[in-house]
Amino acid sequence: MKILGIESTCDETSAAVVEDKRIVLSNILASQAKLHNKYGGVVPELASRKHLEALPIVVDEALNEAKVSIDDIDAIAVSKEPGLPPALQVGYAYASGLATSKNIELIEVNHLEGHISGIWLVHKGDKKKRIPYPYLCLLVSGGHTEIRLVSDKKNQKILGRTLDDASGEAFDKVARILGLGYPGGPIIDMLSQEGDEHFMKFPRPMIDSENLDFSFSGLKTAVMRHVDTLQKDHDQFRKDKTLHKELTSNWVNDVAASFQEAVVDVLVTKTINAANQIGVPIITMAGGVSANSRLRDMMGRTCHENVFELFYPEVEFCLDNAAMIAARGSEVFKRTK
Ligand code: KG4
Ligand code: ZN
C-alpha cells in the first residue's frame, strides 16, 4: 500500500510517499523559515500564499523521487488540524482536488497524531522499528506540549499538557529575547553546545508537582528579567567604562544553555514520573523539540537508568513533514473505493 502525504499546517510545505505504513520512499520539504525569519515568527497569510505555489512542485517531486505515478497511490493523507487556518485550508483544498480528480481516497489526519506516527518511520533499506503498544509519548512542538498514553492505534489519552506556552514556543520566544532569529529551537540547541548550562539556575516550573501538566511562561519571563538586568549593567558600562563580566561573547551561549537545561530537566522529569505512575515500559518522543540534542541525551540516559525503552524519530521526521502524515493515514485507512 502506498500513501501520498501532504502537510501544510504551518510554514513547511511537504509531500511524501510512504509504503506499507512505515517505509519512506520520498519526503520532500519546501521550508519557508527564511521568509518568516525577518518577521520573528510565521505570518499566516504569507504562509498560505507560499503553500499554494509550492504544493504542486513538492507533490511532483515526491512522486518522482519515489518512482511512482499518481495512479500507483492508494490514498492521499492530508493534515486537517491543528494548525494555522489559512495554511491548512490551502493544503486541504489541494489534496481534496487531487483526490477527486484522480478518484483516490482522501484521509484526514490530525497533525499531532501524525507526529506520534512519525516515530516508526524508516528509509527504504533501513531496519524496521517495532514499537509495541502501550507506550507514552512526550509530544513537544511549537504549539503543543503534552504527555500522551498511546494504548493502541485508535486510543490516545492526554495525561498532562502545558497550561500556557508550549516548549517549542518557549524556545522561539527566548531566541527572540536573545536576538537570535526564528525558529529559535535549532539555534539555541547549537549555541548551547558552546555554553555553560550551570551559568544560571533558571526556574523549573511545576517540576515537583504530582500532576503531569507543564508551564513554561514563567521560565521565559525569568530569562527576560535576567537579560534586562544585564542590559542595564551594559548601559552602566557606557557611563563608567567597566564592562560587566558576564557581558562577554559567551554570555548568549551560557544563557541559552541554562535555559535549555531548565526546559529539558522539566520534560525528562515529568515524562519519567508519568511512566512510573502509569507503569508502561516504553517512552517515545515526537514533535520539533524532540530533535533537541540535549533532550535526546538526557532522556536517553535517564531511561537507561530507570530501565525504560526509548524511541524517537530521526530529526527529519521530528520536524513538520508529510511522511508522518502518510504514516498516520496508513494506520487509519479503510478502503471504500
Ligand atoms: O513540530 P514542529 O516542527 O512544528 C509544530 O507542529 O509546531 O515544531 C516546531 C518547534 C519550533 O518551536 C522549533 O523552535 C522547535 O520545534 N525546534 C526545536 C529544535 N528544532 C525545532 N527546539 C529545540 N531544539 C531543537 N533542535
Ligand atoms: Zn508539527
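Residues numbered from 1 in each chain as written. Chains lettered and ligands numbered in written order. Predicted model: local features only at pLDDT ≥ 70, side-chain atom pairs only at ≥ 80, totals over all residues. Heavy atoms only, no water.

**Overview of the coordination of the zinc ion (ligand 2)**
Step number 1: Listed as protein donors to the zinc ion (ligand 2) are His-111 (NE2), His-115 (NE2) and Asp-320 (OD); their distances from the metal cover 2.0 to 2.1 Å.
Step number 2: One way to put it: the 4 donor atoms around the zinc ion (ligand 2) meet at angles of 97 to 135°, and that makes the site tetrahedral.
Step number 3: Counting the intervening residues between successive donors of the zinc ion (ligand 2) yields the motif H-x3-H-x204-D. Pair noted here: His-111 and His-115 are both in helix α4 (residues 111–117), with a separation of 4 residues, about one helical turn.
Step number 4: With relative accessibility at 6%, the residue His-111 sits in the buried group. (Donors = N, O, S within 2.8 Å, 3.2 Å for Na, K, Ca; no water. Tetrahedral: all angles 85-135°; square planar, octahedral: opposite > 155°, others 65-115°. Helix = DSSP H or I, 4+ residues; strand = E, 2+ residues; numbered from the N terminus. Buried < 20%, exposed > 50% of the residue type's maximum accessible area, 1.4 Å probe, protein only.)

**Some words on the sheet that holds strand β6 (residues 122–123)**
Step number 1: Strand order in the open sheet made by the 6 strands is β5-β4-β1-β2-β3-β6, with mixed pairing throughout. One side of each edge strand has no neighbouring strand; the edge strands of this open sheet are β5 (105–110) and β6.
Step number 2: Direction of pairing for strand β4 (residues 75–81) relative to β5: parallel, over a ladder of 6 bridges. For Ile-76, the partnering residue across the bridge sits in β5 and is Leu-106.
Step number 3: Each of β1 (2–7), β2 (12–19) and β3 (23–31) touches helix α2 (residues 44–66); the most contacted strand, β2, lies at about 25° to it.
Step number 4: Relative to β1, helix α11 (residues 322–332) is tilted by about 130°, and along the sheet it contacts β1, β2, β3, β4 and β5. (Pairing = 2+ DSSP bridges. Contact = heavy atoms within 4.5 Å. Axes fitted to C-alpha atoms, helices over the stretch in contact; angles between N-to-C directions.)

**Considering the nonpolar core**
Step number 1: Core analysis: the biggest nonpolar cluster contains 46 residues, and Leu-136, Leu-138, Phe-202, Phe-216, Phe-259, Leu-267 and Leu-295 have the highest contact counts within it.
Step number 2: Secondary structure elements with two or more residues in this core: β7 (135–140), β8 (145–150), α5 (167–177), α6 (184–192), α7 (217–240), α8 (251–278), β10 (282–286) and α9 (293–305).
Step number 3: Of all the elements, α8 adds the most residues to this core, at 14 residues.
Step number 4: The next biggest cluster of nonpolar side chains, apart from the first, holds 29 residues, and it includes Ile-3, Ala-75, Phe-311 and Phe-317. (Core = buried A, V, L, I, M, F, W, Y, C linked by side-chain atoms within 4.5 Å.)

**Side note on the domain arrangement of the chain**
Step number 1: Domains assigned within the chain are domain 1 (2–121 + 318–336) and domain 2 (135–312).
Step number 2: The C-alpha centroid of domain 2 is placed 28 Å from the C-alpha centroid of domain 1.
Step number 3: Between domain 1 and domain 2, the residue contacts involve 17 residues of the former and 22 residues of the latter.
Step number 4: Between domain 1 and domain 2 lies a buried interface of about 1600 Å² when both sides are counted; carbon and sulfur atoms form 63% of it.
Step number 5: Contact with domain 2 buries surface across domain 1, with Ile-116, Ile-119 and Cys-318 losing the most and accounting together for 36% of the total.
Step number 6: At the boundary of domain 1 with domain 2, the tally comes to 0 salt bridges.
Step number 7: At the boundary of domain 1 and domain 2, one finds 3 residue pairs in polar contact (both at pLDDT 80 or more).
Step number 8: When contributions to the side of domain 1 that touches domain 2 are tallied by element, the ones reaching two or more residues are α1 (33–37), α4 and α11.
Step number 9: Element by element, the count of residues in the side of domain 1 that touches domain 2 is highest for α4, at 4 residues.
Step number 10: Split by residue class, the side of domain 1 that touches domain 2 holds 9 nonpolar, 4 polar and 4 charged. (Domains from an automatic or database assignment. Buried area = accessible area lost by both parts, 1.4 Å probe. Salt bridge = Lys/Arg side-chain N within 4 Å of Asp/Glu carboxyl O. Polar contact = N/O pair within 3.5 Å; in protein donor to acceptor, adjacent residues only side chain to side chain. Nonpolar A, V, L, I, M, F, W, Y, C, P; charged D, E, K, R; others polar.)

**Side note on the packing of aromatic side chains**
In this description, a pair of aromatic rings is defined by centroid distance and the angle of the planes.
Step number 1: One pass over the full model with this rule turns up 3 aromatic pairs.
Step number 2: Plain terms: the ring middles of Tyr-133 and Tyr-135 are 5.6 Å apart, the flat faces sit at 10° to each other, and that makes the pair stacked.
Step number 3: Centre to centre, the rings of Phe-171 and Phe-259 are 5.2 Å apart; their planes meet at 75°, and the pair counts as edge-to-face. With Phe-171 in helix α5 and Phe-259 in helix α8, this pair connects stretches of sequence that are 88 residues apart.
Step number 4: Judged by its relative accessible area of 2%, Phe-171 is buried.
Step number 5: If you follow Lys-80 out to its NZ or CZ, it ends over the ring of Tyr-92, 4.8 Å from the centre. (Phe/Tyr/Trp six-rings, centres within 6.5 Å; stacked < 30°, edge-to-face > 60°. Lys NZ or Arg CZ within 6 Å of the ring centre and 35° of its normal.)

**Let's talk about the site of ligand 1**
Step number 1: Among the 21 residues in the neighbourhood of ligand 1, the closest are listed as Gly-142, Asp-172, Gly-185, Asp-189 and Gly-288.
Step number 2: At a separation of 3.0 Å, an oxygen atom of ligand 1 approaches a polar backbone atom of Gly-288.
Step number 3: Expressed as a share of its isolated accessible area of 550 Å², the protein-covered part of ligand 1 is 88%.
Step number 4: At the level of secondary structure, the elements contributing two or more residues to the shell around ligand 1 comprise α4, α5 and α6.
Step number 5: At 4 residues, the largest contribution of residues to the shell around ligand 1 is made by α6.
Step number 6: Taken together, the residues of the shell around ligand 1 break down into 7 nonpolar, 11 polar and 3 charged.
Step number 7: Taken together, domain 1 (2–121 + 318–336) and domain 2 (135–312) each give at least three residues to the shell around ligand 1, which thus spans both. (Near = heavy atom within 4 Å. Areas by Shrake-Rupley, 256 points an atom, 1.4 Å probe, with all protein chains shown as cover.)

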